[in-house]
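Coordinates in review
Each chain is listed here by its residues.
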Amino acid sequence: MQASEPSPSPRRPRNALALGAIGLGLVTITGGIWALRLPLAQAGADAFLRQNGIEAKLRVRALSPARILIEDVRLGPRAAPDLTLERVDLGLRWKGFSPSLERIVLARPRLHARWTEHGLSYGSLDRLLPPPSAKAPPFALPSILVEIRDGMAVLDSPLGRLTATGSSTGRLGTDFTGTGAWLLQSGPDRIAGPFSLRADASGLAADLRGNGARLAYAGWQGSALRLEANVRSDRGLTQIRAGTEVFADAITGQDEGEGLSLSQPALRLEGGLDNAKGSQMRWRARADLGGQDGRAAGLAVGAL
């Protein structure tokens, strides 16, 4: 009787067990990384802000391939922050392995800017802005859904403190609209009114109106002031047109030591530029000063 040959070793089950163990390990590692995604994102955001010298505080509350939620944002010194937000909700869309911003919701943003001798400054946020470059690519309005809930921006200027509050909704370049109110406070004087913004297929538009009982600056004083202003631009900001009209019942002041009193004065400014031709913003001004007519043309805005 012939002895039976030994059966082959069960390699397939052993290989299957090995592959299963490797798969389980990968799942465990991936699960651990996913569980740590919030603290890792928090640490990355904190490190980025520290490297740029920005005192900040924020909490990353949700992170997924489709959404990033950040709450309790403060950028700038604790006593006088440059920007605070109750919540930032970002929606992402993917094209292959490349993400892009689809939606942004800002809840109760508070921005504080200043007009200095060097121009507009956002405090510590200036460190995040790209340096000016003559080779900057052409501006293109991004197609992003933008919602601002109960926003506020404050600008400290030599004329006084300008505060704007408002909300907005819609997709930039399609149906974006924003409305709100603004207030210029200069000592005891104030001028205030509504404003509106629009960014649709026709381009960008901003309109502003205001009224004030009295406003004084640099030795001049105006009473019963009325202001209307508008800005229009194409979607690429290549052609911009702006206009302003200021009316008053009276303006009084000093000119070379002599007192002046202007009755029912009116000032009209119209300006524009064409970035495609590299032109500078230029203004045409017309002033009706109590029966006297003054004209000036081609004034460069760079001096303002």
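Below is a short write-up of the structure.

Parameters at a glance
- Residues numbered from 1 in each chain as written.
- Predicted model: local features only at pLDDT ≥ 70, side-chain atom pairs only at ≥ 80, totals over all residues.
- Heavy atoms only, no water.
- Helix = DSSP H or I, 4+ residues; strand = E, 2+ residues; numbered from the N terminus.
- Buried < 20%, exposed > 50% of the residue type's maximum accessible area, 1.4 Å probe, protein only.
- Polar contact = N/O pair within 3.5 Å; in protein donor to acceptor, adjacent residues only side chain to side chain.
- Contact = heavy atoms within 4.5 Å.
- Salt bridge = Lys/Arg side-chain N within 4 Å of Asp/Glu carboxyl O.
- Pairing = 2+ DSSP bridges.
- Core = buried A, V, L, I, M, F, W, Y, C linked by side-chain atoms within 4.5 Å.

Quick look at unusual backbone geometry
Of note in this structure, Asp-72 is not a glycine but carries a positive phi near 55°. Summarising the element assignment, Asp-72 is placed in strand 2 (residues 67-75). Positive phi, normally seen in glycine, also occurs at Asp-150, with a value near 55°. Following the sequence through the fold, Asp-150 ends up in strand 7 (residues 145-157).

A short note on the side chain of Ser-186
Among the secondary structure elements, Ser-186 is positioned in strand 9 (residues 175-186). The exposure class of Ser-186 is buried, given its relative accessible area of 13%. Engagement of the side chain of Ser-186 in a polar contact is seen with the backbone oxygen of Leu-159, the distance being 2.8 Å. Beyond its immediate sequence surroundings of up to four residues, Ser-186 is in contact with Leu-159, Gly-160, Leu-215 and Ala-216.

Details of the pattern of salt bridges
In total, this model carries 20 salt bridges according to the counting rule given. A salt bridge links Glu-86 to Arg-108, with the nearest nitrogen and oxygen atoms 3.8 Å apart. Remark: Arg-108 occurs in the loop between strand 4 (98-107) and strand 5 (110-116) and Glu-86 occurs in strand 3 (residues 83-95); sequence separation between them is 22 residues. With a relative accessible area of 40%, Glu-86 lands in the partly exposed category.

Some points on the pairing of strand 5
A regular strand carries its side chains on alternate faces of the sheet. Summarising the sheet, strand 3 and strand 5 pair through two bridges and their orientation is antiparallel. Within strand 5, the residue paired with Thr-84 across the bridge is Arg-110. Bridge count between strand 5 and strand 7: five bridges; the pairing is parallel. Following the sheet pairing, Ala-113 is matched in strand 7 by Leu-155. In this structure, strand 5 lies alongside strand 6 (residues 119-121), joined through three bridges in antiparallel fashion. Considered in strand 6, the bridge of Arg-114 is made with Ser-121.

Topic: the nonpolar core
Of all hydrophobic cores here, the largest spans 20 residues; its most connected members are Val-73, Leu-75 and Val-88. Only strand 1 (56-64), strand 2, strand 3 and strand 4 provide two or more residues apiece to this core. Among the elements that take part in this core, strand 3 stands out by supplying four residues, more than any other. Excluding residues that lie within four positions of it along the chain, Leu-75 makes contacts with Leu-49, Ile-54, Glu-55, Ala-56, Pro-81, Asp-82, Leu-83 and Leu-125. One finds Trp-182, Leu-184, Leu-227 and Ala-248 within the second-largest nonpolar core, a separate group that totals eight residues.

As for the environment of Ala-242
Mapped onto the elements, Ala-242 comes out in strand 13 (residues 239-247). Between the alpha carbons of Ala-242 and Leu-273 there is a distance of 9.2 Å; along the sequence they are 31 residues apart.

Geometry only, nothing functional implied.
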